[in-house]
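Below, each chain spelled out in residue letters.
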Amino acid sequence: MTISEKKDGAEMTIREMGLQDSMYTRIEGGVEKDLVVDKRGVSICIEILTRPKLLFLDEPTSGLDSAASYHVMNRIVKLDRRDGSTVSDIASIHQPSNEVFELFHNLCLLSSGKTVYFGPVSMAKQFFASNGFPCPSLRNPSDHYLRTINKDFDDDIEQGLGGSSTEVIYNLVRSYRSSGICKQVQQQVFKISQQEGCPIEKKGSQASFITQSIVLTRRSFVNMYRDLGYYWLRLAIYIALCLCLGTIFHDVGFTFGSIQARGSMLVFVAAFLTFMAIGGFPSFVEDMKIFEREKLGHYGVGAFVGNTFSSIPYLLFISLVPGAIAYYLVGLQKSFEYFTYFLILLFTCMMLVKSLMMTVASIVPDFLMGIIIGAGIQGVMMLNGGFCRLPNDLAKPFWRYPMYYIAFHKYANQGFYKNDQFEGLTFPNNQAGGPPTIIGDEILRNILQVEMGYSKWIDVAILLGLVVFGNYQNG
């Protein structure tokens, strides 16, 4: 489809649902009645945009008053015939008003999984009346039917041929199965089942994978920009934390005491700055809800990778600004090459924690439980990252093998150590009986027990591999 055809299709759908006056209204988070109606209409528009032959609607009037319910359902009924083709609408609805109920052509009443009635709406009154449950003249038929077949309140059952609600439902089900209406329905079902299947008509409305990814990436980027709690509030907190970090460790220097200070500062960056990514978990949960609803026919799982792409500029920005504040206030390696590595490693850790929280969000939809579980996972990794307890002192059966190598803080800490803290540096040695100075390589090998058999870029590569693996699992 061309861009003009797509726009025409979208505008036609908007007009069909009567939303042309709300085309430029932001409805996200709206609680006013008009905005609730618009949100309901937009949800339906998304479903009918691809021009389906069969439209399933689950409680389309939920949360709407009688006037708004009639407006929405009347628009849906008008979709039955368009473009010279027939559209069948199947909707589940609770307590429709009399005006809404009159819009339906056929009615299906279920009770405890059994079909009480399935047929034309016009014949439902006669069916219930013939079984001893006539509808009073001033009562909404839908209320009468639901009250009759509801067995939650036995003491308040309609007075008719039966006694308890269970007996009433049993009699109605038996009466329907032997009725002419049921036989007509069975004949129609038999005719349909005997028809030879025809090839599915493809109108070309399904967008390509690249188009889906671009659209989803743009939508996710805009949502992140508008949501203050997604990244902007985190940015403010990160800046405040890095100002505190930079002033506490300001101009840390090259004394013997600065060895411990440098290590503490870098571990705080690797652990607690990345830990703050759990603050975006509620937004992750909302993204997963939208994904679960829209993946059924609108786009594939792989296209949802746009959520990751759209977050890259924000994560890069909140890594660059707070990271630069902390890095230069503390006075780490002055060369721009070392700062670039510091920034890349911090950004990679941010991406990894985001991927971790997205995985948790796909498993635990409740945001409170998800935050607790995500925080617990990161807490275990922090303890096992090689700073709180040196690697050689960890219990080997479990904490050293395999937990130490699973914890991403191990690679983050060692990457920061190799890059900023001791590479090419010399410190005075205050240990009794030792040489007057101690070089950074000795500190890394003997004091911090860093694995020096590979480059610091290998640590970044491992973390990037974990990011790719995490996003693959989410997909």
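Our structure's up above, just so we're on the same page.
Notes on the structure follow.

Reading guide: rules and limits
- Residues numbered from 1 in each chain as written.
- Predicted model: local features only at pLDDT ≥ 70, side-chain atom pairs only at ≥ 80, totals over all residues.
- Heavy atoms only, no water.
- Helix = DSSP H or I, 4+ residues; strand = E, 2+ residues; numbered from the N terminus.
- Buried < 20%, exposed > 50% of the residue type's maximum accessible area, 1.4 Å probe, protein only.
- Contact = heavy atoms within 4.5 Å.
- Core = buried A, V, L, I, M, F, W, Y, C linked by side-chain atoms within 4.5 Å.
- Axes fitted to C-alpha atoms, helices over the stretch in contact; angles between N-to-C directions.
- Parallel < 35°, antiparallel > 145°, perpendicular 65-115°, else oblique.
- Phe/Tyr/Trp six-rings, centres within 6.5 Å; stacked < 30°, edge-to-face > 60°.
- Lys NZ or Arg CZ within 6 Å of the ring centre and 35° of its normal.

Quick look at the overall build of the protein now. Per the secondary structure count, the protein includes 19 helices and 8 strands. Split into buried and exposed, the 475 residues of the protein put 42% on the buried side. Here the analysis covers contacts within the protein between residues at least 6 apart in sequence; of these, 69% occur between residues at least 24 apart.

Next up on the list: the nonpolar core. Judged by nonpolar contacts, the single largest core of 55 residues is most densely connected at Met-265, Val-269, Phe-342, Phe-416 and Leu-463. Of all the secondary-structure elements, those providing two or more residues to this core are α10 (228–248), α11 (257–275), α12 (281–294), α13 (306–330), α14 (336–363), α17 (408–421) and α19 (456–474). Per-element accounting of this core gives the leading share, 16 residues, to α14. Setting aside residues no more than four positions away along its own chain, Val-269 makes contact with Leu-245, Thr-274, Phe-342, Leu-346 and Phe-416. Core analysis: the next-biggest nonpolar cluster, separate from the first, contains 20 residues, Leu-109, Tyr-117, Val-121 and Leu-172 among them.

Positionally, Ser-69 belongs in helix α3 (residues 66–77). Residue classification places Ser-69 among the buried positions, given a relative accessible area of 8%. Leave out the neighbours within four places in its chain, and Ser-69 touches Thr-61, Leu-64 and Val-100.

Moving on, we come to the packing of α11 against helix α15 (residues 367–383). Relative orientation of the contacting elements α11 and α15 amounts to 180 degrees, with a least axis distance of 11 Å. Looking at the two axes, α11 sits roughly antiparallel to α15. Between α11 and α15, the contacting residues are Ala-271, Thr-274 and Phe-275 on the first element and Ala-375, Gln-378 and Met-382 on the second.

The next subject is the environment of Asp-227. Inspection of the secondary structure puts Asp-227 in the loop between α9 (209–226) and α10. Distance in space between the C-alpha atoms of Asp-227 and Ser-283 is 8.6 Å, their sequence separation being 56 residues.

One pass over the full model with this rule turns up 23 aromatic pairs. Taken together, a centroid distance of 5.2 Å and an interplanar angle of 65 degrees make the contact between Tyr-327 and Phe-339 edge-to-face. Of the two residues, Tyr-327 sits in helix α13 while Phe-339 sits in helix α14, which places them 12 residues apart along the sequence. Across the pair, Phe-339 and Tyr-327 agree in class, each one buried. Centre to centre, the rings of Tyr-328 and Phe-339 are 5.2 Å apart; their planes meet at 40 degrees, and the pair counts as tilted. Here Tyr-328, found in helix α13, pairs with Phe-339, found in helix α14; they are 11 residues apart in sequence, far enough to count as distant. The exposure class of Tyr-328 is partly exposed, given its relative accessible area of 39%. The buried category is assigned to Phe-339, whose relative accessible area is 6%. Within the aromatic cluster, the residues linked to one another by ring pairs are Phe-101, Tyr-117, Phe-127, Phe-128, Tyr-145 and Tyr-176. Above the ring of Tyr-454, the side-chain terminus of Lys-418 is found at 3.7 Å from the ring centroid. In this structure, Lys-456 packs its charged tip against the face of Tyr-341, placed 4.9 Å from the ring centre.

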